[in-house]
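# Secondary and tertiary structure notes
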Amino acid sequence: MSIATDWFQAINKLPSLTYLDITYTNPSVIPISLPYINITSLRVLKIASNNINSTIPRWIWNLTGITYLDLSFNQFHGFIPSELSFLKSLKVLLLRSNNFKGVSPKAFNNLCNLSTLDLSRVGFTERGIRSVERLSSCTQQNLQILRFADNKLRGNLSGWLERMTGLTNIDLSGNSLNRTIPIGVWRLPNLTTLYLESNFLEGVVTEIELSYLKRIKWLSLSYNSLHVQVMSHDWTPPFQLKGLKLASCNLGPKFPPWLQGQTQLGEINLSKTKIVDTLPDWLWNMSSSLEVIDLSYNQIKGKLPLSLNRVMLRYLNLSSNQFEGPLPALPQTPTVLDLSNNFFTGPIPNSTLSSLEYLLLSNNSFDGNVPVSLCESTSLLVLDISNNKLSGEIPPCLGMSQDQLLILDTMNNNLSGQIPASLGKQTGLSILNLRNNSLSGEIPSSLQHCAELIILDLGYNNFSGTIPEWIGQSLSVLMVLSLRSNAFFGSIPSEIVRLGYLRILDLSHNNLSGTIPRSIGKFSSTASEKGIPEDYIRYLEDESDEGLMGSLYFVVKGETRDYAKLLYLFESIDLSCNDLYGEIPDEIGDLQALQNLNFSMNHLTGHIPDQIGKMHALESLDVAMNSLSGTIPQSLATLNYLSHLNVSYNNLSGKIPSGYQLQTLDDPSIYIGNPYLCGPPTTQSCSSNETTHVVGKKSHGRFERLGLYISVVLGFIIGFWIFCGVLLLSRSLRISYFSAIDRTYDRLYVAVALTLIRLRRIFGEV
């Protein structure tokens, strides 16, 4: 008998039990399907967060005296059956986060005592809204809390929601509800919480609608197409809000003055609301409870107050505005501080921010050194100070704080010195971006302990030495390795190109030598089979801050682009501008997901591999300025996505392939510097007997001329000795030949003598 069976048998022996909570229970106790429970005295049953994968057990419908049922955070599936209506005493029903297909038509009949219904994230389709519309009239009148968030509900709010006059809490966020918000919803008399964010609602919300919400405390209309327009400048709301979220609504251009009287406000989100105004000073003092401020992505101007020490903020996001001037002394309480994409100047304050987890100051004009006080932020997870004017060294103490740092981004500054070896103690580090500074020295071996690194970008610095082999041995989940534009030398370690998750390898503009490793065919093999690391997915999906990932710039098709958000869709190898030699390995054809390949400006020889035609995703191929020979493989014509090609300045010959995508690459300059290439788009025509596979035309012409010279010389020598042989063998011919020569000589002598006598007479007479 199992532990689960024993446990449930013991439960059933407690006939007077009224409260049973088996939430977060050991899997050995809670099996996949629940055993039978027969305790009619039960009033409260909680079986949440147990990952149970089955339909709702039928024995639950026998617990007719139950008032509180919580089956949330499991994998219950199928339909919510009509037997639910047997639980007439039920007051609270929590089914959040399951996989139901829908609700049986009569499931909510007779549930007149129901006051709380939570069907959020249950997997309902657009028809799921009918289940709420079908609530009995007594249920509609008594229901106080309705949570139906994060489903796929379609339709509008008219005709059903306003009938639930007892509602105090509505959460329909994260659906596909459309049209306007009915006036009857605004008039619900007891409403304290209204969450309608992330739908497709539209229309204008004025002070008329807002004035009905006399008891409202939490209002969220974010991420809809709503225009919140308060026409009266002296309008005083009849409510005191604790939370207001209007992100992506049209609220501007002025900062709403009616907020000044909200003295209980603890959270305000006016991101992307088209505000074009100066930030009012009263914002910082309007509520002693204010902990969360998000004003990002507007055009708010001005300077921050001289001090924010007295503000007890937990979250402050002023990113992507037009704030300017120096930063004041910062509050010590925030966990998130995002001031990126503004015009702040001066040094970063040397404030102690002990609770800070996220500090985002990128894209400003901060100067001076990186403050050492950041080392006292023992909870720091993300530090992004990229795109500023900072100088000095990276404080070594950053690596000596608590082992929690996930992202360090100092890109595009003027930092100098070496990478602190202490950074190797941050074993959870996932992104290290030191691109475009003046850092030098070798890559510290301590970084091999950062086994969670996903992105390592050291490009555009003055680093030197060889590329460490441990990069390919210890950094097993690395997706990006960029060492571009440094002074690295030596060969490319074969371990690096075998990194299974690697999607971008940029070793261009260094002094690397040797051959291209044949193991290059294993590039990104694990990512193709198993997908990308979960940590990177978390950065893309879980973190809502658009600037968290920073930027990842790579040169593709001759242009510099940011691939931070598309990294999981992009694969690239760039080994250009080095001293590599030897042939391009045939294994390159195994990279069927690669989109960018750049081997230009090296000393590569041999042919362009025909296997390159297997690289079906290839968009850009650059092998210019090498010593490649032979023909351009016809297989290139099968690459349907190829939009950038450069094979210039090599020793290629023969006819340029045509057909398919190559027909669109009609720029002759991509073939220039190969005098023995012919055919369109060049002006060099191919002879009628030439084929694509003509090889060595220049050498062939040289051999033709050499053969002609040899033939002439041999002919002369053979003819001369034949003539001499005949004279030696025949005495009569020999006498006749030499007699003829003597006669010819005598005649020439007499003719010359007579000519000289005549000339003397003529000149003598003169």
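Here is what the cut-offs are and how they apply
Position numbers for residues start from 1 in each chain and track the written sequence from start to end. Local features are withheld for residues below a pLDDT of 70 in this predicted model, meaning they are given only at 70 or higher, and side-chain atom pairs are given and counted only at 80 or more; totals for whole chains, interfaces and linings count all residues. Water and hydrogen atoms were dropped before computing side-chain values, which therefore reflect all heavy atoms in the structure. UniProt positions are given in the numbering used here, feature names are shortened, and annotations may be inferred rather than shown by experiment. For this text, the term disulfide refers to a pair of cysteine sulfurs within 2.5 Å. Helix and strand labels come from DSSP, where a helix needs a run of H or I of at least four residues and a strand needs a run of E of at least two; each type is numbered from the N terminus. Any residue under 20% of the maximum accessible area for its type is buried, any over 50% is exposed, and the rest in between are partly exposed; the area is computed with a 1.4 Å probe on protein chains only. Ring pairs shown here join Phe, Tyr and Trp side chains whose ring centres sit within 6.5 Å, with only the six-membered ring taken for Trp; geometry is labelled stacked below 30 degrees between planes, edge-to-face above 60, and tilted in between. Geometrically, a charge over a ring is one whose NZ (Lys) or CZ (Arg) sits within 6 Å of the ring centre while staying within 35 degrees of the ring normal. Pairing between strands requires that DSSP locate at least two bridges from one strand to the other. We define a salt bridge as a contact between a side-chain nitrogen of Lys or Arg and a carboxyl oxygen of Asp or Glu at a distance within 4 Å.

For the protein, an unreviewed UniProt entry supplies the name LRR receptor-like serine/threonine-protein kinase ERL2 and the organism Ananas comosus. What UniProt records for the protein under Subcellular location (unreviewed entry) is the sentence "Cell membrane".

Going through the model one piece at a time under the given rule, you end up with two disulfides. Disulfide pairing places Cys375 opposite Cys397 at an S-S distance of 1.8 Å. Sign of the S-S torsion, about 60° for the bond between Cys375 and Cys397, identifies this disulfide as right-handed. On the criterion of sequence distance, the pair formed by Cys375 in the loop between strand E25 (365-368) and strand E26 (382-384) and Cys397 in the loop between strand E27 (389-392) and strand E28 (407-409) is long-range, its members being 22 residues apart. A disulfide bridge connects Cys678 with Cys686, and the sulfur atoms are separated by 1.9 Å. A torsion of 105° about the S-S bond marks the disulfide between Cys678 and Cys686 as right-handed. Judged by relative accessible area, Cys686 falls into the partly exposed class, the value being 28%.

The final tally for this structure, using the stated rule, is five aromatic pairs. Ring geometry for Trp235 and Trp258: centres 5.6 Å apart, planes at 65°, overall edge-to-face. With a gap of 23 residues between them, Trp235 in the loop between strand E15 (225-229) and strand E16 (243-245) and Trp258 in the loop between E16 and strand E17 (267-269) connect regions that are remote in the sequence. Through a chain of ring-to-ring contacts, the aromatic side chains of Trp235, Phe239 and Trp258 assemble into a single cluster. The ring of Tyr297 carries the charged tip of Lys272 above its face, separated from the ring centre by 5.2 Å.

This part takes up unusual backbone geometry. The linkage connecting Gly252 with the following residue, Pro253, adopts the cis geometry, with an omega of 10°. Looking at the element boundaries, Pro253 is found in the loop between E16 and E17. Positive phi, normally seen in glycine, also occurs at Asn51, with a value near 60°. Relative to the helices and strands, Asn51 is located in the loop between strand E2 (44-46) and strand E3 (68-70). With a phi close to 55°, Asp150 is a non-glycine residue in the positive phi region. Tracing the chain through its elements places Asp150 in the loop between strand E8 (145-147) and strand E9 (154-155).

Sheet faces and side chains relate simply in a regular strand, where the side chains alternate between the two faces. Only one face of E15 is buried, namely the one carrying Leu226 and Val228, since none of Ser225, His227 and Gln229 on the opposite face is buried. Two strands pair when backbone bridges link them, and strand E13 (residues 200-206) and E15 are joined in this way by five bridges, in the parallel orientation. Of the residues in E15, the one forming a bridge with Val205 is Val228.

Looking now at the sheet that holds E13. A sheet is described by the order of its strands in space; here four strands give the open sequence E9-E11-E13-E15, paired in parallel fashion. If you trace the sheet from one side to the other, it starts and ends with E9 and E15, each paired once. With two bridges joining them, strand E11 (residues 176-179) and E13 adopt parallel strand pairing. Looking at E13, one finds that Arg179 is bridged to Leu201.

Another point: the sheet that holds strand E45 (residues 629-630). Remark on secondary structure: sheet strands pair via backbone hydrogen bonds, oriented parallel or antiparallel. The strand order across the open sheet formed by three strands is E45-E47-E48, and the pairing between neighbours is parallel. One side of each edge strand has no neighbouring strand; the edge strands of this open sheet are E45 and strand E48 (676-678). Bridge analysis of strand E47 (residues 651-655) against E48 gives three bridges, and the strand direction is parallel. When the sheet's bridge partners are listed, Lys655 is paired in E48 with Cys678.

What follows concerns the pattern of salt bridges. Evaluation of the coordinates by the stated rule reveals eleven salt bridges. The shortest N-O distance in the salt bridge between Arg58 and Glu83 comes to 3.4 Å. Of the two residues, Arg58 sits in the loop between E2 and E3 while Glu83 sits in the loop between strand E4 (77-80) and strand E5 (92-94), which places them 25 residues apart along the sequence. In this structure, Glu571 and Arg503 form a salt bridge, with 3.4 Å as the shortest nitrogen-oxygen distance. Taken as a pair, Glu571 in the loop between strand E39 (559-562) and strand E40 (572-574) and Arg503 in the loop between helix H7 (494-497) and strand E36 (504-506) lie far apart in primary sequence, 68 residues in all. With respect to burial, Glu571 and Arg503 carry one shared label: buried. Linked by salt bridges that have partners in common, Arg484, Asp506 and Asp574 make up one network.

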